[in-house]
Structures are given as C-alpha cells and as structure tokens.
Amino acid sequence: MKGRVCIVGAGAMGGLLGYFLSVSIGEPARFIVRRRSQAERVSGEGVELRGLIEARYPAEAYLEPRPGMCDVAIIAVKAYDVGEAYRAALKATGGGLIVIVSNGMGYEAGVDRARTVFGVSDYGATRVADGVVEVRGLGSLVLGPSRSLEGYEWLLDALAGGGCDVRVVDDVEPYRWLKLAINASINPLTALLRSRNRVILESPHAKEIAEGLAREASTVAEARGVVMPRDPASYLEEVARRTGDNYSSMLQDLLAGRRTEIDYINGYVAREAKRLGLEAPLNETLYLLVKALEEAMVRGLGQGNS
Ligand code: KPL
C-alpha cells in the first residue's frame, strides 16, 4: 500500500467501496460524514454488508476533513452534495487525487479536471441504516481518464485486491453518459412505480418508457459528440437483470423522505436537450413527475386534511 484513502459519504456506494479497500489494505476504512450519529455508529461498530456480500469491517468516521489526512478522496455522496464534498476532499487530500463516483451529471463546475477522476459503477447497493449496506447486485467500476490516474496504480490494486471489478479507461465521458441513460430510465420509473429494478423487465409498459428515456439520453449524448461504449437498450436490460432485486437509489430516497437526484439525471438530460435544440419529452415529463412526487412525499404538499 502506497497511499491513504478516505471516502466522503458512508452511504450505499461509500460503504461498498470502503469494504473493498479495507479488505485489501487490512486497515479500518476512513470516512468523512456529516451527521454525528452516523460518525459514532460507523466508528463504533464498523460497516456491515449484507446480501451478496456478507461482512463487517472496521472503520473510522470524521465529521471534518483534516488537512492532508489522505492521498486520495473518493466522493460517494448524492449529486446535489458533490460541491460541498469536493471542498472537503480538497482539504483532506492537499494536492492528491479526487475520485467522484456520484450518480448524474451537472455538478462539474469547480472540479479541477487534472486531478479528478470519475467513477461509474453499476453495483446495486442499498443503505439499510447508518453503517449497514445491503448488496443486491454485483457490477463493476469504471474509472477514468487514465492520464489522471498515473501514479495511483496502487489505488486500482487496492480496490481489485478487495474484490472490486475495476478497470480504467482513457475517456470516461461515454461511460458516464451510458450510466446517465440507465439512471434516467430505471430510477424515475422505479420511483414512480414503487417497484424493484426488475419491473423494467417484467412490465412491458415500463420497459417501453424505459427504452424511450434511454434513447432520448443517447440522442443528447450523440449531439454532444459522445459515442456510447455499448447499446444503451441492451445495457439497460442487463443492469435491470443484474440489479433486479435492488430498489433504485431514487426510490430509496423518496421512501426515506429525502430529496432525489432527479435534477442531475432526467433534469440534466432535459436541460441539455433544450440547450442543443433537441426534444426529450419523456425525460422532461418524468422529471416533472418526480419533482411533484418530491413535493408530495418529501415536503408533504397535498397530504393530510386542509
Ligand atoms: O445506479 C443505480 C441506482 O439505483 O442509482 C442502479 C444501477 C440503477 C442500481 O439500482
């Protein structure tokens, strides 16, 4: 091991990545979190993984980043918290590497591209409680661009050594767009239908809308000159199958009364389409529907007696 890693955010993805690193490095995983109760739970009892990976590993959680506490910071927070997490990561790493594995797009303003790597994951994981993550779908992690990872080969060895299916690509943008297309399809639909990801395979009507959503996202990507690494429709089917038992992060957010990442997923596709003079009516509509759901379920509008 040639460096220290800290993870900003101890949710589903952070908890899973912490496991890979802690298994291979043989040290407690280090997290930076926002809530004191979460920090106490994670530091006191470690992180437990359930489901397809059953393990408990030791961890240390900090409420504030200490300057230079790590060489690499992995940001695994909600898209709308990336800005704040990035500032914490800058402080924690000094001049080190920052890896962003958050869903969605549109939070890149202020990101120093020379020292930042994006990670695209299609693992299906659910945060059950503070320090408890259920893994319901195995997947992979794609990191790039490769040039920013020079000198950080130890990080890849550490992730792979713990069992993470990780690989590096020269250009990560096509993978980010492919994942965006999949999130734009699975996440709002499962949130509206209150169903597991496999509803996309089992309901022909859901599948038709999901494919339409992914097609619109690929049209926007193409207009931006991005060539998807594979056909979004077949990838959509594969992810829905592999993570079939998972509840998408958007459904989990709504059920927990949290804001969703819709602005950075379908909202981003719809905004980009408009900017480029294209139409994305399905993304626009699902964006509005999930915003309305947030207003009803998170803000309580239209609930109870007037
Ligand atoms: O990324 C996901 C999410 O829920 O946000 C998928 C891959 C759809 C797994 O549920």
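The notes below deal with the structure included here. Note that this is a predicted model, so its numbers are computed, not measured. (Residues numbered from 1 in each chain as written. Predicted model: local features only at pLDDT ≥ 70, side-chain atom pairs only at ≥ 80, totals over all residues. Heavy atoms only, no water.)

Focus: the site of the ligand
Phase 1: All residues adjacent to the ligand are Asn103, Lys179, Asn183, Ile186, Asn187, Asn197, Val239, Asn246, Ser248 and Ser249.
Phase 2: Measuring from an oxygen atom of the ligand, one finds a side-chain N or O atom of Asn103 at 2.9 Å.
Phase 3: Between the ligand and the protein, one listed contact pairs an oxygen atom with a side-chain N or O atom of Asn187 at 3.1 Å.
Phase 4: Notes on the ligand: free accessible area 280 Å², of which the protein chains cover 95%.
Phase 5: Partitioned by chemical class, the residues of the shell around the ligand number 2 nonpolar, 7 polar and 1 charged. (Near = heavy atom within 4 Å. Polar contact = N/O pair within 3.5 Å; in protein donor to acceptor, adjacent residues only side chain to side chain. Areas by Shrake-Rupley, 256 points an atom, 1.4 Å probe, with all protein chains shown as cover. Nonpolar A, V, L, I, M, F, W, Y, C, P; charged D, E, K, R; others polar.)

Comments concerning the packing of helix H5 (residues 173-193) against helix H8 (residues 232-242)
Phase 1: Between H5 and H8, whose axes approach to 10 Å, the crossing angle comes to 60°. By the angle between their axes, H5 is oblique relative to H8. As for how H5 packs across H8, the hand of that crossing is right-handed. In contact with Leu178, Ile182, Ser185 and Ile186 of H5, H8 contributes Pro232, Tyr235, Leu236, Val239 and Ala240.
Phase 2: Class assignment of the residues belonging to the contact of H5 with H8 gives a composition of 8 nonpolar, 1 polar and no charged. (Axes fitted to C-alpha atoms, helices over the stretch in contact; angles between N-to-C directions. Helix = DSSP H or I, 4+ residues; strand = E, 2+ residues; numbered from the N terminus. Parallel < 35°, antiparallel > 145°, perpendicular 65-115°, else oblique. Left-handed = near helix turned anticlockwise from the far one by under 90°. Contact = heavy atoms within 4.5 Å.)

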